[in-house]
Protein chains: 2
Amino acid sequence: MDATAPQSPAGLRTTPSWLLNQVATHAGRLISAGFATHDLRGYHYRLLAALTESGPASQADLGRRCGIDRSDVVAAVNDLAGRGLVVRAPDPDDRRRNVISLTEAGADEAHRMADTVVRVQDDLLAPLTSAERDQLTRLLTRLLEHHGGH
Amino acid sequence: MDATAPQSPAGLRTTPSWLLNQVATHAGRLISAGFATHDLRGYHYRLLAALTESGPASQADLGRRCGIDRSDVVAAVNDLAGRGLVVRAPDPDDRRRNVISLTEAGADEAHRMADTVVRVQDDLLAPLTSAERDQLTRLLTRLLEHHGGH
DNA sequence: CACCAACGTTGGTGAAGCCAACGTTTCGAA
DNA sequence: TTCGAAACGTTGGCTTCACCAACGTTGGTG
């Protein structure tokens, strides 16, 4: 009946995977809110970012680079193509493939979304010093790399 | 700028919220796999943990403590009650409420799941020293607390 | 040539997180 | 004391993200 916000059970609150999940969930909310102003979602941004960095690619390649399933790439590319942010063209050298390329509008949108992402990072990491942010990034990177070659 | 990116785009790979998401996703897979051996999922564990720590509570209370929506608590409690891990009884003092209590079997299962969670943490944090694990926990805790009072 | 691998596509599954609405019950204020 | 607001449990639905199986088409190799 007291109930003045004793949040999660203590056993969870000190569990790294729980902390990870909570912080990632919060980050996801911030990111989602940011992307919503572009009327796009996470999958779309990942694809745009990959295209911006590495240029045109097949859908399967994009999926591998972004960690998105082939079937999910289809839907996301449909969305992006429907908005004219991306062009889907058959690959003349391999007729199994579609080559996905950024349009000018797509490149612009990618830039704007990248700006949004930067803003969100600052929001998310506000309580940490620059050194602490680096430390967090390094620790997470090491974890990711260790489990990366699964 | 270019950077030959075999894996994820470099712009993402250095973005904290992306790293957070990736590591949390991996942690989630490990946790899910662990819970699968108990034939239960995350929501169930959270509820059992809360009940273990703080004793019987109403569904709404449990939801608030675990960060689970009221409607989702209903389904999870249904599952737990169906397995005899938990008992749902009307609160005589407030007929709007159900009081949820752990059964003996439920307390046992909670312990076993907690053991599973500990094992998963070790797996997840394998590449980090004890000091680094503490550091990670501290950084994540600070982020969570900073964003906690939303 | 036959076979297998890769590709794009369709359709479906599941966990997790949310929100809206309803009937019941309780509580506080007019 | 009556009336309205609030809390509760419940149903049903929605969205994002992550997977998986299957199919027909196309490419490369034995």
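Residues numbered from 1 in each chain as written. Chains lettered and ligands numbered in written order. Predicted model: local features only at pLDDT ≥ 70, side-chain atom pairs only at ≥ 80, totals over all residues. Heavy atoms only, no water.

### Side note on the overall build of chain A
Looking only at helices and strands, chain A has 7 helices and 3 strands in total. Reading the secondary structure of chain A in the N-to-C direction produces α-α-α-β-α-α-β-β-α-α. Taken over C-alpha atoms, the radius of gyration comes to 19 Å for chain A, far larger than the 15 Å a tight globule of 150 residues would show. Taken over 150 residues, chain A has a buried fraction of 42%. Intrachain contacts of chain A at a sequence separation of at least 6 include 49% that bridge at least 24 residues. Carbon and sulfur atoms make up 51% of the accessible area of chain A, which amounts to about 8,100 Å² in all. (Helix = DSSP H or I, 4+ residues; strand = E, 2+ residues; numbered from the N terminus. Rg over C-alpha atoms; globule rule 2.2 N^0.38 Å. Buried < 20%, exposed > 50% of the residue type's maximum accessible area, 1.4 Å probe, protein only. Contact = heavy atoms within 4.5 Å. Areas by Shrake-Rupley, 256 points an atom, 1.4 Å probe, with all protein chains shown as cover.)

### Describing the interface of chain A and chain B
At the junction of the two partners, chain A supplies 48 residues and chain B supplies 50 residues. With both chains or domains summed, chain A and chain B bury close to 4,700 Å², and 70% of this area falls on carbon and sulfur atoms. Applying the counting rule to chain A against chain B returns 2 salt bridges. For B:E132, the salt bridge identified is with A:R142, shortest N-O distance 2.6 Å. Those elements giving two or more residues to the side of chain A that touches chain B turn out to be α1 (10-13), α2 (16-36), α3 (42-54), α4 (59-66), α6 (104-124) and α7 (130-148) of chain A. Taken together, the residues of the side of chain A that touches chain B sort by class into 27 nonpolar, 14 polar and 7 charged. (Buried area = accessible area lost by both parts, 1.4 Å probe. Salt bridge = Lys/Arg side-chain N within 4 Å of Asp/Glu carboxyl O. Nonpolar A, V, L, I, M, F, W, Y, C, P; charged D, E, K, R; others polar.)

### A word on the packing of aromatic side chains
Two measures describe an aromatic ring pair: the distance that separates the ring centres and the angle between the ring planes. All names here are of chain A. Tallied over the entire structure, the rule returns 2 aromatic pairs over all chains. Ring geometry for F35 and Y45: centres 5.2 Å apart, planes at 45 degrees, overall tilted. Here Y45 lies in helix α3 and F35 lies in helix α2, a separation of 10 residues in the sequence. Residue F35 shares its accessibility class with Y45, and that shared class is buried. (Phe/Tyr/Trp six-rings, centres within 6.5 Å; stacked < 30°, edge-to-face > 60°.)

### A look at the protein's contact with DNA strand D
Close to DNA strand D lie 25 residues, the nearest being A:R41, A:R46, A:S71, B:R29 and B:A60. Among the atoms of DNA strand D close to the protein, meaning within 4 Å, 67% are from sugar or phosphate groups. Contact between DNA strand D and A:S71: a base nitrogen at 2.5 Å from a side-chain N or O atom of the residue. Within the side chain of B:R70, one N or O atom sits 3.2 Å away from a base oxygen of DNA strand D. Only α3 and α5 (70-82) of chain A together with α2 (16-36), α4 (59-66) and α5 (70-82) of chain B provide two or more residues apiece to the surface near DNA strand D. (Near = heavy atom within 4 Å. Polar contact = N/O pair within 3.5 Å; in protein donor to acceptor, adjacent residues only side chain to side chain.)

### Details of α5(A)
The periodicity of an α-helix, 3.6 residues per turn, causes residues three or four positions apart to be oriented the same way. Residues and elements named next belong to chain A. The terminal C-alpha atoms of α5, which comprises 13 residues, lie 18 Å apart, in line with the 18 Å expected from a rise of 1.5 Å per residue. Inspection of α5 places V73, A76, V77 and L80 among the buried residues, and these make up the whole buried set. Down the axis of α5, the smallest arc covering the buried residues is 105 degrees, so these residues share one side. Buried residues in α5 make contact with α3, α4, β2 (86-90) and β3 (98-102). (Expected span 1.5 Å × (residues − 1). Arc of directions from axis to C-beta.)

### Considering the sheet that holds strand β3 (residues 98-102) of chain B
Residues and elements named next belong to chain B. On the basis of which strands lie adjacent, the open sheet formed by 3 strands has the order β1-β3-β2 and antiparallel pairing. Each edge of the open sheet is held by one strand with a lone partner, namely β1 (57-58) and β2 (86-90). Where β1 and β3 come together, 2 bridges link them in antiparallel fashion. Across the sheet, S58 pairs through a bridge with V99, a residue of β3. Its contacts with the sheet place α5 against β2 and β3, and it is angled at close to 115 degrees to β2. (Pairing = 2+ DSSP bridges. Axes fitted to C-alpha atoms, helices over the stretch in contact; angles between N-to-C directions.)

### Quick look at the pattern of salt bridges
The full count for this structure, using the stated rule, is 16 salt bridges over all chains. Put simply, A:D94, A:R96 and A:R97 are held in one network by salt bridges that share partners.

### Considering the protein's contact with DNA strand C
Taken together, 24 residues form the shell around DNA strand C, and within it A:R29, A:A60, B:Y43, B:R46 and B:S71 come nearest. Close to the protein, within 4 Å, the atoms of DNA strand C are drawn from sugar and phosphate at a rate of 66%. Mapped by element, the contributors of at least two residues to the surface near DNA strand C are α2, α4 and α5 of chain A together with α3 (42-54) and α5 of chain B. Each residue belonging to the surface near DNA strand C can be placed in one class, and the counts come to 3 nonpolar, 7 polar and 14 charged.

### What about the relation of the copies chain A and chain B?
In the superposition of chain A on chain B (RMSD 0.2 Å, axial shift 0.0 Å), the rotation amounts to 179 degrees. In symmetry terms, the pair is related by a two-fold rotation axis. When the interface residues of chain A are mapped onto chain B, 100% of them again fall at the interface, so both copies present the same face. (Least-squares fit on C-alpha atoms with pLDDT ≥ 70 in both.)

### Observations concerning the sheet that holds strand β1 (residues 57-58) of chain A
Residue and element names in this part refer to chain A. Pairing is antiparallel in the open sheet, where 3 strands are placed in the order β1-β3-β2. Sheet topology places β1 and β2 at the edges, where each strand pairs with a single neighbour. Relative to β3, β2 is paired through 5 bridges, and the arrangement is antiparallel. Bridge assignment links V87 to a residue of β3, and that residue is S101. Here α3 sits on the sheet in contact with β1, β2 and β3, set at roughly 85 degrees to β3.

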